[in-house]
Amino acid sequence: MAGFLIRRLLYMIPMMFAISIVTFIIIQLPPGDFLTALTARLASQNETIDPGVIAGLRERYGLDQPLIVQYWKWISGILLRGDFGQSFDWNKPVSELIWSRLNLTMVVSLITLIFVWAVAFPIGIYSAVRQYSLGDYIATFFGFLGLAIPSFLLALVLMYFSAHYFGLSIGGLFSPQYMNAAWSWGKLWDLMKHMWIPVVVLGTGATAALIRIMRANLLDELNKPYVDMARARGLSETRLLLKYPVRAALNPFVSTLGWVLPHLVSGAVVVSIVLSLPTTGPLLLTALFAQDMYLAGSIILLMSVLTLIGTLVSDVLLAWLDPRIRNG
Amino acid sequence: MLQTPMSIKQMSAVVRERGGMPSPLIEVDNLRTHFFGNAGLVKAVDGVSFSIPRGKTVCVVGESGSGKSITGRSILNQVPRGGRIVSGAIRYRPDPAQPPLDIVKLDPRGKEMRALRGAQIGLISQEPMAALSPFHTIGNQMVEVIRLHLKMGRREAREHAIETLALVGIPRPAERMESYSFQFSGGMRQRVCIALALSCRPKLLIADEPTTALDVTTQANILDLLSRLQADFNLSVLFVTHDLGVVAEIADEVVVMYLGKVVETGDVDTIFHAPAHPYTKALLQSVPRMHAGGATRLPTIDGMVPSPFERPQGCGFHPRCAMAVHGLCDREVPEPITISEGHVASCLLHGENP
Amino acid sequence: MTVDADHRQSPLLELRDLKMHFPIRRGAFRRIVGHIKAVDGVSLSVNRGETLGIVGESGCGKSTLARTILRVYHPTGGEISYTGRSGAPIDLATLSGPALKEIHRDIRVVFQDPQSSLNPRLRVIDIIGEVLKVNGIATGSELEDRVAELMRSVGLRPEFMHRYPHAFSGGERQRVSIARALAPEPRLVIADEAVSALDVSVQAQTINLLQDLQERFGLTYLFVAHDLSVVRHISDSVAVMYMGRVVEKAPTDAIFASPRHPYTEALLSAVPTPDPRLRRRGRRIHLAGEVADPANPPSGCPFHPRCRYATGICKSDVPPLRSIATSDHSVACHLADNLKLNPFDEYAFAELH
Amino acid sequence: MTDQTVATAIPQPRAAKNKTASAGQWRLIWWRFCQHRVALASGVVILLVYLVAAFAEFLAPTSEQAYDPRFTYAPPQQIRFAGYDADGTFHPLYVNGYSAKIDPIALNRTYVTDPSVIIPVGFFVRGEPYRFWGLFETDRRFIGPLEQGQPFYLFGADRLGRDVLSRTIHGTRISMSVGLVGVTISLILGIFLGGISGLYGGWVDDVIQRGIELLKSIPTIPLWMGLAAAVPISTDPVTVYLWITIILSLIGWTDMARVVRGRFLSLKTEDFVIAAQLDGCSKMRIIWRHMVPSFMSHIIASVTLAIPTMILAETALSFLGIGLRPPVVSWGVLLQEAQNILAVSSAPWLFLPGLAVIITVLALNFLGDGIRDAADPYEY
C-alpha cells in the first residue's frame with residue numbers, strides 16, 4: 001500500500017510538468033500578446049498609445065524574449081517562490097487574484113460532489129433493485145434528462161423562474177452586505193443560502209450519470225454468484241443487498257471521483273459565468289480575452305493540478321477500499 | 001419384476017410399508033420449474049420425482065440442458081431470475097416422527113424459507129472463486145451465517161467457524177479467518193465454500209458440480225473430503241454433476257435426467273451395471289474408459305441435445321434413441337415404471353411387452 | 001489407406017529443448033522482474049500417422065506448448081523440427097513470413113471452445129473457406145464444392161454452409177472447426193482440448209470423428225487434454241507435463257500400466273472411473289498442497305514439494321528426462337529406478353479378480 | 001474407410017428457425033434494436049432532426065438573418081384552424097397578428113397577439129428566394145404567411161425581430177453537423193491511434209496512453225476555452241467552425257481511442273483471430289475482416305453517445321462567446337441571446353432553441369443506449 005502510494009505520487013511529477021508545458025503552449029497559441037490585444041482594444045475605443053511605451057512595456061513584461069525563456073521564468077517562479085507571475089490586465093500578482101477564487105471553486109465543487117453522491121447513491125440502488133419498476137423508469141428518464149440539459153441553460157431557467165415568479169436575483173455567492181465583509185457565521189449562512197443553486201445546477205448532470213453508473217454496477221453485482229450463494233445461506237434480501245452487492249458497487253462508484261471532480265471543476269467555469277459567482281470561471285474568461293497569459297495559464301494549471309489531486313485521492317481511496325490492492 | 005406404472009409417491013409408500021426403511025429426508029414429487037423468458041417458455045424441470053435418503057448421496061446426472069442444476073436450486077426454493085416452481089412438492093422431513101414440510105409452499109423470500117437455507121440445507125457450487133465475496137474476509141462471511149442461524153455470540157461464533165475450517169482441512173484456520181478468497185488456491189477455496197455451507201451443520205448439502213472447475217488431483221481430494229464429512233455428520237448430499245466417473249465414485253443413488261425429466265433412478269450399482277433406460281445405457285457406453293484399450297470406436301448417441309425451446313413430442317429422447325418405436329415413442333409421454341425395488345425408469349419400452 | 005508403412009515410424013515433428021518464457025513486467029517503466037517459464041525445455045517427438053497425447057493439470061503449459069509449436073508465440077529457445085513434404089527437416093522456431101504461412105497449411109489447429117474460435121460474423125462457408133481463399137487454393141464455385149465436401153466429411157449437411165455459427169449446436173460448431181482445420185489438407189493437426197467443452201454424448205461422436213479422419217487422411221495428431229480417459233482412448237503415446245516440463249513420456253499402454261513418475265502415479269490414481277466397483281474412495285494418493293507459482297518455481301525437481309518420495313537430491317537437482325526400461329519410455333525423476341509405483345489398474349484388478 | 005461411416009449421424013438441423021439461422025450479426029442486432037421501443041422512437045426523432053438540418057432553407061419560414069424592426073421581441077403566435085377574417089373570407093389555417101403597446105414608463109414597445117387580426121397561413125408559399133443546396137434558385141417555403149411580409153413568429157421574435165423558429169431550424173444544420181464532423185474527426189483519430197496502441201503495444205502504446213492521460217487531466221472546459229480563444233476573431237465563419245470542431249474532437253478522440261484499444265487488445269487473443277492468423281490471413285485482412293466488424297457495433301454505439309457531448313460542448317462554448325460567433329447561427333449562438341436575464345424575463349421564448357438541444361441530446365442518448373444494448377454479445 002505504501003509502495004503504491006509512493007509510486008502514485010512520483011507519477012504525478014512528470015504529469016504536472018507535462019501539463020504545465022501544454023498549458024503554456026495553449027496560452028501562447030493566440031496570435032500576438034497582451035500588448036497587441038491591449039492596443040487593439042484601445043484602438044477600438046479610438047485611443048492610441050505610443051509605440052515607444054508599448055515597446056517599453058513589452059521589455060518590462062519580458063514578452064520580447066523567446067518562449068522558452070518566458071516559460072522558464074514562469075515555471076521557476078512557481079516552483080521556487082510560489083510566484084505565479086504578474087497579471088498584466090489587473091496589474092497585480094496572479095496569486096493575489098486567484099487564491100480566494102480558487103478556494104471558492106473548490107468549496108463549490110466539493111459541496112456539489114457531496115450533493116451528487118448523496119442523491120445518486122440511494123436512487124441508483126433503488127433503481128437497480130427495483131429494475132423495470134415505475135420508480136426505475138422515472139429515475140432513468142430524469143437521469144437521461146439531466147444528462148441532456150446543458151448546465152448553463154438550467155442555470156438560466158432557474159434564474160428566470162426566480163426572477164419571474166419570486167422577483168429575486170440569485171446570482172453570486174454572497175448578498176451585497178457580506179460581499180467584502182470578513183468571514184463570520186452570518187457570512188457563512190449567507191453563502192449557504194446562495195450555494196444551493198450552483199450546487200443543483202452543477203450537480204444535475206453528474207448526478208444523472210452517477211445514477212446510471214450505480215444502477216449498472218449494482219445490476220452487475222446482483223447477478224454475481226456470491227450474492228446467490230449468500231442468499232442460499234439464508235440472509236434476508238435487505239441485509240444481503242447492503243452487505244454484499246452495495247459494498248462491491250461502492251468501488252466503481254468511488255472511482256467515479258476521478259472524472260466527476262474534473263467534470264465539476266470544468267462545469268463550474270461555465271455555470272459561474274452565468275451565475276456570476278466569484279470563482280475562477282469569469283476570471284479565466286476575461287483573462288483569455290485579454291491575453292493576460294500568466295493569469296490564464298496559472299488558472300488552467302491550478303485547475304489541472306486540482307484534477308490530478310482528485311484522481312490521486314480517488315485512486316488511493318479505491319486501493320484502500322479494495323482488499324485485492326490493499327493486501328497485494 | 002414389477003411392471004405396472006407407479007409414481008414415486010406410491011412407491012415410497014410401498015417401501016415404507018414393506019420393511020421398516022426410514023422415511024427419506026427429502027421427497028421431490030412431480031416438481032416443475034419453468035422459465036418465462038422473452039424467447040419463450042423453457043420447462044427446465046418438468047415433472048421430476050425422486051427422494052434423498054438420510055445420510056446418503058444422491059447424484060443427479062445429465063448433460064447440459066437436462067435441468068439438473070435447476071432441480072438442485074428448486075430444493076432451496078431459490079430459482080434463478082425468470083424462473084419459478086410451477087407445481088409439485090418438495091417434502092422435507094428433518095424429524096422422521098414429524099409430518100413433512102413442503103418447501104414449495106413456502107415463500108421463496110420469506111422467513112421460514114430463509115431459516116432453512118444455510119441452517120438445514122447448505123449449497124456449494126461450481127466456481128468457488130465467484131461464490132465468495134472478494135470484499136469480505138472468510139471469517140466475516142462465516143461468522144455472519146453462524147450468528148444468523150445458531151444464535152451464537154461473536155466470540156463463540158468465531159470459535160465455531162475456526163473449528164469448521166479445521167474440519168474441512170484448512171491449515172492454520174485461526175489465521176486464515178482473516179484471509180480473503182483470492183488469497184486461497186482453487187482447492188482450498190472450495191474447502192472454504194464447503195466450510196461455509198456446513199458451518200451450521202445442515203442435514204442436506206446440495207453440491208452443484210463442485211469439482212468441475214478443479215483439476216483432477218484436487219477433485220480427488222474434495223471428493224474424499226465430502227465422503228468423510230458425510231460419514232461424520234450423517235449428511236445427506238444431493239450431488240449434481242455431468243461426470244459419470246464422479247458419480248460412480250461417490251453416489252449411493254443416481255437420478256439420470258434428460259430434457260428436464262427423470263429418465264431413470266436407482267442405486268449406483270444398478271444404474272451402472274443394469275441400466276434400463278436406453279439413454280442411460282448409451283450415455284454409459286459413450287464414456288471413454290481408462291482401463292479399456294484405446295483405438296476402438298466409442299459407441300455414441302446420435303444427434304444432439306435438442307434446444308430447450310423445441311422439445312420433441314412423446315418421449316424426449318426418441319429422436320436419438322436407437323430402440324425408439326415409431327408410432328409409440330414419438331406420441332406417448334413415458335410414465336415411470338418400477339423395474340425392481342428402488343429402480344425406476346421412464347421408458348415406454350418397459351411399460352408393455354416390447 | 002494413404003499412409004505408407006515405412007513412414008509410420010519416422011518422426012514428423014520433433015521438439016528439442018523448446019522453451020517459452022513470458023516476461024513479467026511491473027512498475028511505470030514496465031521493467032522485466034521475472035519470467036513465467038510456461039514451457040521450459042520440452043523435448044518430444046511425434047511419429048507420422050500417430051497421436052501424441054499431452055496431459056497435465058491447468059497451468060502445466062500444455063496449451064502454451066501447442067501454441068508455441070503453431071508459432072502463435074515466438075519461442076524463447078530450442079528447436080521445432082518438422083519434416084516437410086519434401087522430406088527435409090524445417091526448424092519452425094526460426095521460420096517467419098511466407099515460409100511460415102506455407103507451413104500453416106500443413107499444421108492446423110482445433111481449439112477447445114468452438115464458440116470463441118469461430119468468428120460469429122462470418123458464415124460457415126467463409127469460415128471453412130478462408131484458408132482456401134487466402135492461400136489461393138480455391139475460389140468461386142470450386143471453393144464452394146470443396147467446403148461442401150469438407151462439411152460432408154465431418155458429418156455436417158453442406159446445405160447449411162450459408163448459415164452463421166450461432167445456428168449450430170456446440171458439437172456441430174466443433175465439427176465446423178474440424179472442417180476448417182482439414183481444409184488445406186494438413187498433415188499435422190493440433191487439438192487443443194478439442195473435446196473438453198462438449199457434452200458426454202457429443203464428445204464421443206467427436207472423438208470417433210477425429211479417429212476416422214485420422215485413418216482416412218493419414219493425419220498426425222498432437223492431442224492436448226486434461227482428461228486422461230480421453231487421452232488414453234485416442235493416443236498412441238502420452239507425455240505428462242508438470243510446470244512447463246515433460247515429466248514422463250511413454251507409449252499409452254506403458255504409461256497406464258507402469259507409470260514411472262510419482263506425479264503420473266498420483267494423476268492416475270485421482271481419475272474417477274465410471275464404474276462403482278472401482279471406486280477408490282479414501283485410497284487415492286493425496287498430493288500435498290497445490291501447483292507452485294510458475295513465476296517462482298521450486299528449486300530442483302518442480303514436483304518435489306508435493307512428492308511423497310522426495311529426497312535431498314530432488315530439492316537441489318533438476319532431474320533430466322531419460323530413457324528407462326524401454327527406449328520409448330522416458331521419465332524425469334531421480335528415483336525412477338528405485339520406486340515401485342502403482343499402475344492405474346491395480347485396484348481394478350485386485351477387486352474384480 | 002468410406003464416406004458412409006465417417007458421416008455418422010448427420011446431426012439434425014439446429015432448432016433455430018431458418019430465418020435466424022442465416023441471419024448475419026447486423027440483422028440480429030437490428031432485430032434486437034427494434035424491440036427497444038424508446039430507442040427506435042429516438043432513432044426516428046434523430047432522423048427527423050437531420051432531415052430538418054438538410055432541408056433547413058425549405059422548412060424555415062425565413063432566412064436566418066431576415067429581421068423586421070417592427071416586431072422586436074414579438075411573442076410566439078399559435079397556429080389556428082378554420083377562421084373568418086374581417087371580410088368574412090374563410091381561412092383554413094391562420095395566425096393572429098400583433099398589436100403594439102407602448103410602456104409609458106420604460107418607453108419601450110411590447111406586443112400582444114391580437115385575435116382580431118388574421119394572417120392567413122399556407123404550405124409551399126412564396127417567401128424570400130434562396131439557393132437550394134446551392135443548386136437552383138427557388139422561393140418556395142414549407143410554411144409561411146400567404147402574403148409575404150406579414151408577421152409569422154411561431155417561436156416568437158428576438159431583439160431584432162428575427163424569427164426564432166427559422167433561426168432554430170437554421171441552427172440545426174450547424175449544431176448537428178458540428179456533432180457529426182467532430183465525431184468523425186475523433187473517430188478517425190481514435191481508431192487510428194487506439195488501433196496502433198492496441199495492435200502494437202510496447203512503447204508506442206505507452207506514449208499514446210500517457211498522452212491520453214495528459215489530455216484527460218486538463219479540465220475540458222478550460223482547455224477548450226484556452227484553445228478556442230486562440231481562434232482569431234477576424235477569420236471567416238467557415239474557418240472558425242472548422243477550428244471549433246477540431247478543438248472539440250481533441251477531447252473526444254481519447255475516449256474513442258480507449259474503446260478501440262481495449263477492443264483490439266481483447267480481440268488479439270481471441271481464438272477466432274488466432275485461427276484467422278493461422279489460416280494465413282494478412283494483418284490487414286485480420287484487422288478489416290475479423291477484428292473491425294467485431295467491434296463496429298460498439299463503435300457505432302460510442303459514436304452515437306459521443307455526438308451529444310459534442311453538441312453540448314459547442315452550445316456551451318458558443319454561449320460563452322468563444323465558440324461559434326454571429327452571423328453563424330447555431331443553437332449555442334441562439335442561446336447567447338438568452339444570456340441577458342432581463343431580456344429573457346420579458347421574452348422567455350428565447351429559451352426555445354434550448355428545447356431543441358434537450359430533445360436532440362435526449363434522443364441521441366436513448367438511441368446510443370439502445371444500440372449498445374442491441375450490440376451486446378449474442379448469447380447462443
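Keep in mind that what you see is a predicted model, and the values were worked out from it rather than measured.

The rules behind each value
Residues numbered from 1 in each chain as written. Chains lettered and ligands numbered in written order. Predicted model: local features only at pLDDT ≥ 70, side-chain atom pairs only at ≥ 80, totals over all residues. Heavy atoms only, no water. Helix = DSSP H or I, 4+ residues; strand = E, 2+ residues; numbered from the N terminus. Rg over C-alpha atoms; globule rule 2.2 N^0.38 Å. Buried < 20%, exposed > 50% of the residue type's maximum accessible area, 1.4 Å probe, protein only. Contact = heavy atoms within 4.5 Å. Areas by Shrake-Rupley, 256 points an atom, 1.4 Å probe, with all protein chains shown as cover. Lys, Arg positive; Asp, Glu negative; His and termini not counted. Charge placed at Lys NZ, Arg CZ, Asp CG, Glu CD. Axes fitted to C-alpha atoms, helices over the stretch in contact; angles between N-to-C directions. Parallel < 35°, antiparallel > 145°, perpendicular 65-115°, else oblique. Left-handed = near helix turned anticlockwise from the far one by under 90°. Pairing = 2+ DSSP bridges. Buried area = accessible area lost by both parts, 1.4 Å probe. Salt bridge = Lys/Arg side-chain N within 4 Å of Asp/Glu carboxyl O. Polar contact = N/O pair within 3.5 Å; in protein donor to acceptor, adjacent residues only side chain to side chain. Nonpolar A, V, L, I, M, F, W, Y, C, P; charged D, E, K, R; others polar. Core = buried A, V, L, I, M, F, W, Y, C linked by side-chain atoms within 4.5 Å. Phe/Tyr/Trp six-rings, centres within 6.5 Å; stacked < 30°, edge-to-face > 60°. Lys NZ or Arg CZ within 6 Å of the ring centre and 35° of its normal. 1 Å grid on protein atoms, 1.4 Å probe; cavity = no way out; pocket = protein on both sides within 12 Å on 5 of 7 lines; lining within 4 Å. Points joined across faces, edges and corners; volume = space filled by probe spheres on them. Expected span 1.5 Å × (residues − 1). Right-handed = clockwise from strand over helix to strand, strands pointing away. Domains from an automatic or database assignment.

This part covers the overall build of chain B. Per the secondary structure count, chain B includes 13 helices and 12 strands. Against the globule reference of 20 Å for 354 residues, chain B gives a C-alpha radius of gyration of 21 Å, in line with a compact fold. Based on the C-alpha atoms only, the size of chain B along its principal axes is roughly 65 × 55 × 50 Å. By the burial criterion, 59% of the 354 residues in chain B qualify as buried. Sequence separation of at least 24 residues holds for 64% of the intrachain contacts in chain B that already meet a minimum separation of 6. Total accessible area on chain B is roughly 14,100 Å²; 52% of this is exposed by carbon and sulfur atoms. Of the charged side chains in chain B, 37 are positive and 35 negative; the average position of the first set lies 6 Å away from that of the second.

Residue and element names in this part refer to chain B. Remark: helix α5 (residues 138-150) packs on helix α8 (residues 186-198), axes separated minimally by 9 Å, with the N-to-C direction vectors making an angle of 20°. Considering the angle they form, α5 stands roughly parallel to α8. Seen from above, α5 lies across α8 with right-handed handedness. When α5 is examined against α8, the residues Ile138, Gln141, Met142 and Val145 are found in contact with a partner set consisting of Val192, Ala195 and Leu196.

A word on the sheet that holds strand β10 (residues 261-267) of chain B. Residues and elements named next belong to chain B. Read across the sheet, 8 strands follow the order β6-β7-β8-β3-β9-β10-β12-β11 without closing on themselves; strand pairing throughout is mixed. Edge strands, defined here as strands with exactly one partner in the open sheet, are β6 (121-124) and β11 (337-340). Strand-to-strand twist in this sheet, taken as the mean axis angle between neighbours without regard to direction, amounts to 20°. Sheet topology note: the β10/strand β12 (residues 343-345) ladder contains 2 bridges and is antiparallel. Paired with Glu264 across the strands is Ala345, a residue of β12. The strands that α8 touches are β6 and β7 (204-208); relative to β6, the one it contacts most, it runs at about 165°.

What follows covers the interface of chain B and chain C. Accessible area lost upon the coming together of the parts is a frequently used measure of interface size. Facing the 50 residues of chain B at the interface are 45 residues of chain C. Summed over both partners, the interface of chain B with chain C comes to about 4,100 Å²; 54% of that surface belongs to carbon and sulfur atoms. For the chain B face of the interface with chain C, the top three residues by lost area are B:Glu249, B:Met290 and B:Met304, together amounting to 21%. In this structure, C:Asp212 and B:Arg297 form a salt bridge, with 2.5 Å as the shortest nitrogen-oxygen distance. The interface formed by chain B and chain C holds 12 residue pairs in polar contact (both at pLDDT 80 or more) in total. Listing elements by their share of the side of chain B that touches chain C, those giving two or more residues are α8, α9 (216-233), α10 (244-250) and α11 (268-273) of chain B. Its residues placed into classes, the side of chain B that touches chain C shows 23 nonpolar, 18 polar and 9 charged.

Moving on, we get to the nonpolar core. One finds A:Phe152 and D:Met225 to be the most contacted residues of the largest nonpolar core, which totals 171 residues. Looking at which element gives the most residues to this core, the answer is helix α11 (residues 283-320) of chain D, with 18 residues. Apart from residues no more than four positions distant in its own chain, D:Met225 is found in contact with A:Val269, A:Ile273, A:Leu284, A:Leu285, A:Leu288, D:Leu317, D:Leu320 and D:Ile322. B:Met113, B:Met152, B:Leu196 and B:Phe317 belong to the second largest nonpolar core, which has 98 residues in total.

Tallying each qualifying case throughout the model produces 25 aromatic pairs over all chains. Relative to A:Tyr137, the ring of A:Tyr132 lies with its centre 6.4 Å away and its plane at 35°, an arrangement referred to as tilted. Judged by relative accessible area, which is 56%, A:Tyr132 ranks as exposed. Connected via pairs of aromatic rings, a cluster forms that spans D:Phe58, D:Phe123, D:Phe124 and D:Phe142. Here the basic side chain of B:Arg176 rests over the ring of B:Phe184, its NZ or CZ set 4.1 Å away from the ring centre. Lying across the ring of C:Phe160, C:Arg163 places its NZ or CZ 4.3 Å from the centre.

Moving on, we get to the layout of surface pockets. Approximately 1,200 Å³ is the volume attributed to the second largest pocket. At the level of secondary structure, the elements contributing two or more residues to the lining of the second largest pocket comprise α5 (94-129), α9 (225-231) and α10 (237-243) of chain A together with α2 (68-75) and β4 (83-92) of chain B. Counting residues per element, the lining of the second largest pocket draws most heavily on α9(A), at 5 residues. A breakdown of the residues in the lining of the second largest pocket according to their chemical character gives 16 nonpolar, 9 polar and 15 charged.

Here helix α7 (residues 170-182) of chain C spans 19 Å end to end across 13 residues, near enough to the 18 Å set by a 1.5 Å rise per residue. Taking burial as the measure, the 13 residues of α7(C) include 12 buried ones, the bulk of the element. Looking at the buried side of α7(C), the elements it contacts are β6 (107-110), α4 (114-117), α5 (124-134), α6 (140-153) and α8 (200-217) of chain C together with α10 (271-278) of chain D.

The top pair by number of contacts, from a total of 5 pairs of chains in contact, is chains B and C. The smallest C-alpha distance separating chain A from chain C is 8 Å, and no contact links them.

It is worth spelling out the pairing of strand β8 (residues 220-225) of chain C at this point. Residue and element names in this part refer to chain C. Counted residue by residue, β8 has 6 buried out of 6 residues, so it is predominantly covered. Because side chains alternate across β8, one face comprises the buried residues Thr220, Leu222 and Val224, and the other comprises Tyr221, Phe223 and Ala225, equally buried. With 5 bridges connecting them, strand β3 (residues 51-55) and β8 associate as parallel partners. Bridge pairing in β8 places Ile54 opposite Val224. Both strand β7 (residues 188-192) and β8 contribute to a ladder of 5 bridges, which runs parallel. The residue of β8 that forms the bridge with Leu188 is Thr220. One crossover worth recording links β7 to the parallel β8 by way of α8, and it is right-handed.

Turning next to the side chain of C:Glu265. Tracing the backbone through its elements, the reader meets C:Glu265 in helix α11 (residues 262-270). Polar contacts involving the side chain of C:Glu265 include one to the side chain of C:Tyr309, which spans 3.1 Å.

Turning our attention to the pattern of salt bridges. Counting across every chain of the model gives 55 salt bridges over all chains. The residue A:Arg81 makes a salt bridge to A:Asp83 at a minimum N-O spacing of 3.5 Å. Judged by its relative accessible area of 58%, A:Arg81 is exposed. With a closest N to O distance of 3.1 Å, D:Arg126 and D:Asp139 form a salt bridge. Of this pair, D:Arg126 sits in strand β3 (residues 109-132) while D:Asp139 sits in strand β4 (residues 136-145); the two residues are 13 residues apart in sequence, bridging distant segments of the chain. In this structure D:Arg126 comes out as partly exposed when scored by relative accessible area, which is 48%. Within this structure, A:Asp228, A:Arg231, A:Glu237, B:Arg73, B:Arg109 and B:Asp208 form a network of salt bridges that share partners.

Right, let's get into the packing of helix α6 (residues 134-148) of chain A against helix α14 (residues 352-375) of chain D. With their axes 8 Å apart at the nearest point, α6(A) and α14(D) run at an angle of 125° to one another. In terms of axis orientation, α6(A) runs oblique to α14(D). The handedness of the crossing between α6(A) and α14(D) comes out as right-handed. Judged by residue contacts, A:Phe141, A:Phe144, A:Leu145, A:Leu147 and A:Ala148 of α6(A) engage D:Ile358, D:Val361, D:Leu362, D:Asn365, D:Phe366 and D:Asp369 from α14(D). Residues belonging to the contact of α6(A) with α14(D) are distributed by class as follows: 9 nonpolar, 1 polar and 1 charged.

The next thing to look at is the pairing of strand β2 (residues 40-52) of chain B. When strand β1 (residues 26-37) of chain B meets β2(B), the two strands line up antiparallel, connected through 9 bridges. Bridge pairing in β2(B) links B:Val28 to B:Phe50.

On to the domain arrangement of chain C. Residues and elements named next belong to chain C. Split by domain assignment, chain C resolves into domain 1 (5-235) and domain 2 (261-353). Measuring from the centre of the C-alpha atoms in domain 1 to the corresponding centre in domain 2 gives 29 Å. Domain 1 puts 8 residues into the contact, and the matching count from domain 2 is 9 residues. Summing both partners gives a buried area of about 730 Å² for domain 1 against domain 2, and 66% of it is carried by carbon and sulfur. Of all residues in domain 1, Ile36, Glu57 and Leu228 give up the largest surface area on contact with domain 2, accounting jointly for 53% of the area buried on that side. Counting across the interface, domain 1 meets domain 2 through 1 residue pair in polar contact (both at pLDDT 80 or more). For the side of domain 1 that touches domain 2, the elements supplying multiple residues, two or more each, are β2 (31-47) and α9 (228-234). Of all the elements, β2 adds the most residues to the side of domain 1 that touches domain 2, at 4 residues.

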